[in-house]
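Structural overview
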Amino acid sequence: MAHEPAHPAPARHVPVLLSAVLEYLAPQPGQTLADVTVGAGGHAQAIAQRLGASGTLLALDQDPTMLALAQQRVYPCRVVWCRAKFDALPAVLAEQGISALDGVLADLGISSDQLDDPQRGFSFLHEGPLDMRLDPTANIPTAADLLARLSERELADILWRYGEERYSRRIARRIVQTRQRQPIRSTTQLAQLVRSCVPRSGRIDPATRTFQALRIAVNDELGTLQHFLQALPQCLRVGGRAVIISFHSLEDRLVKQAFRQGDRWLVLTKKPVRPDAAEIRANPRARSARLRAAQLLARAS
Ligand SMILES: C[S@@+](CC[C@H](N)C(=O)[O-])C[C@H]1O[C@@H](n2cnc3c(N)ncnc32)[C@H](O)[C@@H]1O
């Protein structure tokens, strides 16, 4: 996922923690791996190089625009493209006749390419509609719909739970007051509203947490991650590896708990792997990345 830095980075998404991904996923020639958040294909291409001509990469994304972008790269292995949400991985494997994977990568959240497209509504730095659907064709309420329909209490709960926003009630009240006069439809309108009722502290824009919370709510990101984590043990062979990169503590907590469950996983990362100062300098959007990896010890029946 990408975080908004004070100054926007160039449009193309830079894969985060790439060497740690390759180290923990350890792709070998001829294996079958899945990148379930293929995005712009940066990690996928590096994995494909390790898999070689006899290997297979299952490349998933729920956003058709990102799949099209990833398809512009050259991959030296067989690639099976799939437009799906990653919690549908067991169904995708069944459809493709793949009985078990050697490894799975999930790099959660959104890509810089999505963040920087004003029409997607993810960024408070660009004027655009408050959409925020990861699949822009999905028949689900947009961020603007949530702001228009939810009660003050429901809005405050979303900001508190998914954004850990301490001024959640104050922002929710201001949203409800504002929408009585005019609908809240644009990114900059919402960002201004938040900035007008939350004190600024440090370099992070006060709108950051509200935008994160709405995006998580619109896409049910935590529910989807939970289903995916439950399904993972049916998708890997024994000894297969899972590498997950998360970008906020709510996601990271779910990953940590899933890998600690019973005797199913051998955890390969005692502590989450974080980007070093050089990577953060080169790619400020990597700053909150946390990578956890585990190896499957026993398959789910
Ligand atoms: C951080 S980007 C991945 C970047 C990629 N690793 C690269 O190197 O370019 C996350 C991608 O995951 C996709 N995504 C997020 N949640 C998803 C889900 N539940 N199912 C499938 N794709 C998802 C987004 O559309 C986005 O393209």
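Criteria and thresholds
- Residues numbered from 1 in each chain as written.
- Predicted model: local features only at pLDDT ≥ 70, side-chain atom pairs only at ≥ 80, totals over all residues.
- Helix = DSSP H or I, 4+ residues; strand = E, 2+ residues; numbered from the N terminus.
- Buried ≥ 20, exposed ≤ 12 C-beta atoms within 10 Å, placed from the backbone.
- Contact = placed C-beta atoms within 7 Å.
- Pairing = 2+ DSSP bridges.
- Axes fitted to C-alpha atoms, helices over the stretch in contact; angles between N-to-C directions.
- Parallel < 35°, antiparallel > 145°, perpendicular 65-115°, else oblique.
- Left-handed = near helix turned anticlockwise from the far one by under 90°.
- Domains from an automatic or database assignment.
- Near = placed C-beta within 6 Å.
- Nonpolar A, V, L, I, M, F, W, Y, C, P; charged D, E, K, R; others polar.
- Expected span 1.5 Å × (residues − 1).
- Arc of directions from axis to C-beta.
- pLDDT = per-residue confidence, 0-100.

To continue, consider the overall build of the protein chain. Helix and strand counts for the protein chain stand at 13 helices and 7 strands. Projected onto its principal axes, the C-alpha coordinates of the protein chain cover approximately 60 × 40 × 40 Å. Considering the protein chain as a whole, with its 301 residues, one finds that 47% of them fall into the buried category. Considering only contacts within the protein chain whose residues lie at least 6 apart along the sequence, 70% involve residues at least 24 apart.

This brings us to the pairing of strand 2 (residues 56–61). Buried residues dominate strand 2, accounting for 5 of its 6 residues. Note: strand 1 (residues 32–35) against strand 2, 4 bridges, orientation parallel. Bridge pairing in strand 2 links Leu33 to Leu57. Relative to strand 3 (residues 78–83), strand 2 runs parallel, the two sharing 6 bridges. Bridge pairing in strand 3 places Ala59 opposite Trp81.

Now for the packing of helix 8 (residues 168–181) against helix 9 (residues 187–197). At a closest axis distance of 10 Å, the pairing of helix 8 and helix 9 adopts a crossing angle of 130°. With respect to helix 9, the element helix 8 is oriented oblique. Crossing geometry of helix 8 relative to helix 9 is assigned as right-handed. Here helix 8 contributes Arg170, Ile171, Arg174, Ile175 and Thr178 to the contact with helix 9, which in turn contributes Leu193, Val194 and Cys197.

Attention now goes to the domain arrangement of the protein chain. Segmenting the protein chain into domains produces domain 1 (18–113 + 221–296) and domain 2 (141–218). Put simply, the middle of domain 1 and the middle of domain 2, counted by C-alpha atoms, are 31 Å apart.

The next point concerns the sheet that holds strand 4 (residues 101–107). Strand pairing in a sheet is mediated by backbone hydrogen bonds. Such pairs are either parallel or antiparallel. Read from one edge to the other, the open sheet built from 7 strands follows the order 3-2-1-4-5-7-6, with strand pairing classed as mixed. Of all strands in the sheet, those bounded by a partner on one side alone are strand 3 and strand 6 (265–267). The average angle at which neighbouring strand axes cross in this sheet is 20°, direction not considered. Where strand 1 lies against strand 4, 3 bridges are found, and the strand directions are parallel. When the bridges of strand 4 are listed, Asp35 appears paired with Leu105.

Further remarks concern the site of the ligand. Pro15, Thr37, Gly39, Ala40 and Gly42 are the nearest of the 22 residues found near the ligand. Counting only elements with at least two residues in the shell around the ligand, the list comes to helix 2 (42–51) and strand 2. Within the shell around the ligand, the residues separate by chemical class into 8 nonpolar, 10 polar and 4 charged.

Looking now at helix 8. For helix 8, built from 14 residues, the straight-helix expectation of 20 Å at 1.5 Å per residue is met to within 8% by its first-to-last C-alpha distance of 21 Å. Three or more residues of helix 8 are buried, namely Ser168, Ile171, Ala172 and Ile175. The buried side chains of helix 8 occupy one side of the element, clustering within an arc of 100° when seen end-on. Residues Gln177, Gln180 and Arg181 are exposed on helix 8 and point more than 90 degrees away from its buried face. Residues of helix 8 that are buried sit in contact with helix 6 (143–149), helix 7 (152–163), helix 9 and helix 10 (207–218).

This part covers the environment of Arg260. In this structure, Arg260 sits in the loop between helix 12 (249–259) and strand 6. With 53 residues separating them along the chain, Arg260 and Ala207 place their C-alpha atoms 34 Å apart.

Within the span of helix 1 (residues 18–25), buried status applies to Val21, Tyr24 and Leu25. With its buried residues spanning 90° around the axis, helix 1 presents them on a single face. Elements that come into contact with the buried residues of helix 1 comprise strand 1, helix 2, strand 4, strand 5 (236–246) and strand 7 (290–296). Of the residues flanking the end of helix 1, it is Ala26, one or two places downstream, whose phi is positive at about 45°.

Glancing now at the confidence of the model for the protein chain. Taken as a whole, the protein chain shows an average pLDDT of 94; of its residues, 96% reach a score of 70 or greater. Taken together, the stretch residues 1–11 has pLDDT below 50 and engages in 32 contacts with residues farther than four places along the chain or on a different chain.

Between helix 7 and helix 10, the shortest axis-to-axis distance is 8 Å and the interhelical angle comes to 100°. Comparing the axis directions of helix 7 and helix 10 gives the class roughly perpendicular. On the side of helix 7, the interface is formed by Ile158, Leu159, Tyr162 and Gly163, while helix 10 contributes Arg209, Thr210, Gln212, Ala213, Leu214, Ile216 and Ala217. Here the residues of the contact of helix 7 with helix 10 are counted per class, giving 7 nonpolar, 3 polar and 1 charged.

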